[in-house]
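Chain and residue survey
Take a look at the letters that make up each chain.
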Amino acid sequence: MAFTPRVFSGIKPSGDLHLGNYLGAIRRFVPLQDTHQTIYCVVDMHAITVWQEPEDLRRWTYEIAAAYIAAGLDPKRSIIFNQSQVVEHAELSWIFNCVARMGWMSRMTQFKDKAGENSEQVSLGLFAYPSLMAADILLYKATGVPVGEDQKQHLELTRDIAKKFNHDFRKQIKAFGHDEEFFPLTETLATGPAMRVKSLRDGTKKMSKSDASDMSTIYMMDDADMISKKIKKATTDPEALPTEAAGLAGRAEAENLVQIYAALADLSVADVLKEYGGSGWGRFKPALADLAVAVLAPVATEMRRLVGDPGEMDAILRDGAERARAIAQPVMDDVRKIVGFVR
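These remarks concern the structure in this document. (Residues numbered from 1 in each chain as written. Predicted model: local features only at pLDDT ≥ 70, side-chain atom pairs only at ≥ 80, totals over all residues. Heavy atoms only, no water.)

1. Quick notes on the overall build of the protein
- Helix and strand counts for the protein stand at 14 helices and 5 strands.
- At 22 Å, the protein has a C-alpha radius of gyration in line with the 20 Å of a compact globule built from 343 residues.
- If you line up the protein on its principal axes, its C-alpha atoms span 70 × 45 × 40 Å.
- Within the span of the protein, comprising 343 residues, buried residues form 50% of the whole.
- The contacts in the protein between residues at least 6 apart in sequence include a share of 77% that link residues at least 24 apart.
- When the accessible surface of the protein is summed, it comes to about 15900 Å², and 52% of that surface belongs to carbon and sulfur atoms.
- The average position of the 42 basic charges and that of the 46 acidic charges among the side chains of the protein differ by 3 Å. (Helix = DSSP H or I, 4+ residues; strand = E, 2+ residues; numbered from the N terminus. Rg over C-alpha atoms; globule rule 2.2 N^0.38 Å. Buried < 20%, exposed > 50% of the residue type's maximum accessible area, 1.4 Å probe, protein only. Contact = heavy atoms within 4.5 Å. Areas by Shrake-Rupley, 256 points an atom, 1.4 Å probe, with all protein chains shown as cover. Lys, Arg positive; Asp, Glu negative; His and termini not counted. Charge placed at Lys NZ, Arg CZ, Asp CG, Glu CD.)

2. Concerning the side chain of K285
- You can see K285 is positioned in helix 13 (residues 281–307).
- Buried charge K285 goes without a salt bridge, the closest partner of opposite sign being D237 at 9.6 Å.
- Among residues more than four places away in sequence, those in contact with K285 are I231, K232, K233, A234, T236 and L257. (Salt bridge = Lys/Arg side-chain N within 4 Å of Asp/Glu carboxyl O.)

3. Some remarks on the pattern of salt bridges
- Scanning all chains against the criterion turns up 19 salt bridges.
- For D271, the salt bridge identified is with K274, shortest N-O distance 4.0 Å. One end of the pair is D271 and the other is K274, both in helix 12 (residues 269–276) and 3 residues apart, which spans about a single turn.
- With a relative accessible area of 34%, D271 lands in the partly exposed category.
- Assessed through its relative accessible area of 68%, K274 is described here as exposed.
- Where salt bridges share partners, they join D16, D56 and R59 into one cluster.

4. Quick notes on the packing of aromatic side chains
- Enumeration over the complete set of coordinates arrives at 15 aromatic pairs.
- Summarising the aromatic geometry, the rings of F165 and F182 are spaced 6.1 Å apart at their centres and angled 40° between planes, so their arrangement reads as tilted. Placement of F165 in helix 8 (residues 152–168) and of F182 in the loop between helix 9 (170–175) and strand 5 (187–188) is noted, with a sequence separation of 17 residues between them.
- Given a relative accessible area of 0%, F165 falls into the buried group.
- Under the relative-accessibility criterion, F182 is labelled buried at 1%.
- Summarising the aromatic geometry, the rings of Y261 and F284 are spaced 5.5 Å apart at their centres and angled 35° between planes, so their arrangement reads as tilted. (Phe/Tyr/Trp six-rings, centres within 6.5 Å; stacked < 30°, edge-to-face > 60°.)

Put into structure tokens, the structure is as follows:
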């Protein structure tokens, strides 16, 4: 069966957005508008698998939706909405809870990482998180998902759930006039080299909203002065920049700043070092700060404008949810019939 080329992805509203979210995900979403039907969600149901203050959850939901638009997503071309407005996500997730096996879920390394030694104290929602993620994707029969390295295992689980559903209900699927493959086997979508932005204070750790020092993280709502200040105070080493990428080995902070420059400028690391190799940090850091301000400050300004207008944001999210439901409802109507629910 030929499925419509369709992309689904989402970001969880569980903290302030930072440069890693922008370079690693949001900016990479934009070009897909030209090649696929694109659905970008604020996955607020995923967020509450751990405790969230309701006011913070609302604020972060607006912030992510605003970031999508400020980065270049067109809410008329892409469907932009928050997950909880489309109840079919929860319904399909429950059905997938009954398709997925406990052994599959128990192998999810991200659950083990998040639960740590307190696995019996975390929410059932955190354990079942990958089943909801599968529902998010398959509810729209998405053929591709731009995922980071940490989500690839969940996408494999999504494929396993789709295969098992297609196999278990193959007779019913055919009886209701569908090909045997009701759900697609969604593929990882390559959107260029993965960018894992590291802390400005410790190049061996990911940039994170939970870092103890605000100076380690560039937030998407930072103004130009703060962006510049954080980069100029970033941890470095005493050596000049190398002329070739191999010279960055073992220099985590230097490699991180060069990679950030390359990503912001749409250049290769080799091109950056061709320009700045042999230079000291007194030349490179101001150049990186200027570049970051030029790229990020307009995004931050537009985000602040959008977040400051809840009426506009509500209208965008409602419109997106209506368009999402127009795809989701017929899929769920078919799923209910296939599994034997009486309506």
